[in-house]
Amino acid sequence: MATYISLINWTEDGIKNVKKSPQQFDDFKKVLQDAGGKVIGFYLTMGHYDMVVITEGPSDEEAASLILSTASRGAIRTETMKAFTED
């Protein structure tokens, strides 16, 4: 499985509806799991980004599809990187 690190910021709409965030994240986890992936870590952060999410997924295509469908809802902006282990 491939590992992805997503740096996330709320949009103006997302921060206005921040109380919906936990349910939206639960929805994301379910869709990711249905696609054969999983969340490895989730962090609320201070600084340039609001959140960091580390996930595993079966393919780059699946990851891109999930990221695009999640971001298209308008609550977040993402910057996602594929991560490689030392090996």
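A brief look at the structure comes next. (Residues numbered from 1 in each chain as written. Predicted model: local features only at pLDDT ≥ 70, side-chain atom pairs only at ≥ 80, totals over all residues. Heavy atoms only, no water.)

Another point: the nonpolar core. Membership of the largest hydrophobic core is limited to 10 residues, which are Ile8, Trp10, Phe25, Phe28, Leu32, Met51, Val53, Leu66, Ala75 and Ile76. Element by element, the count of residues in this core is highest for helix α2 (residues 21-34), at 3 residues. (Core = buried A, V, L, I, M, F, W, Y, C linked by side-chain atoms within 4.5 Å. Buried < 20%, exposed > 50% of the residue type's maximum accessible area, 1.4 Å probe, protein only. Helix = DSSP H or I, 4+ residues; strand = E, 2+ residues; numbered from the N terminus.)

Let's shift gears to the sheet that holds strand β3 (residues 51-57). Ordered in space as β2-β3-β1-β4, the 4 strands form an open sheet in which the pairing is antiparallel. The open sheet has two free edges, formed respectively by β2 (38-44) and β4 (76-83), since each of these has just one partner strand. Adjacent strand axes in the sheet meet at a mean angle of 20° when their direction is disregarded. Bridging between strand β1 (residues 2-10) and β4 involves 8 bridges; their strand directions are antiparallel. Directly across from Tyr4, in β4, lies its bridge partner Lys82. Contacts from α2 reach β1, β2 and β3 within the one sheet, and its direction differs from that of β2 by about 155°. Most of the contacts of helix α3 (residues 60-71) go to β4, to which it runs at about 165°, and overall it touches β1 and β4. (Pairing = 2+ DSSP bridges. Axes fitted to C-alpha atoms, helices over the stretch in contact; angles between N-to-C directions. Contact = heavy atoms within 4.5 Å.)

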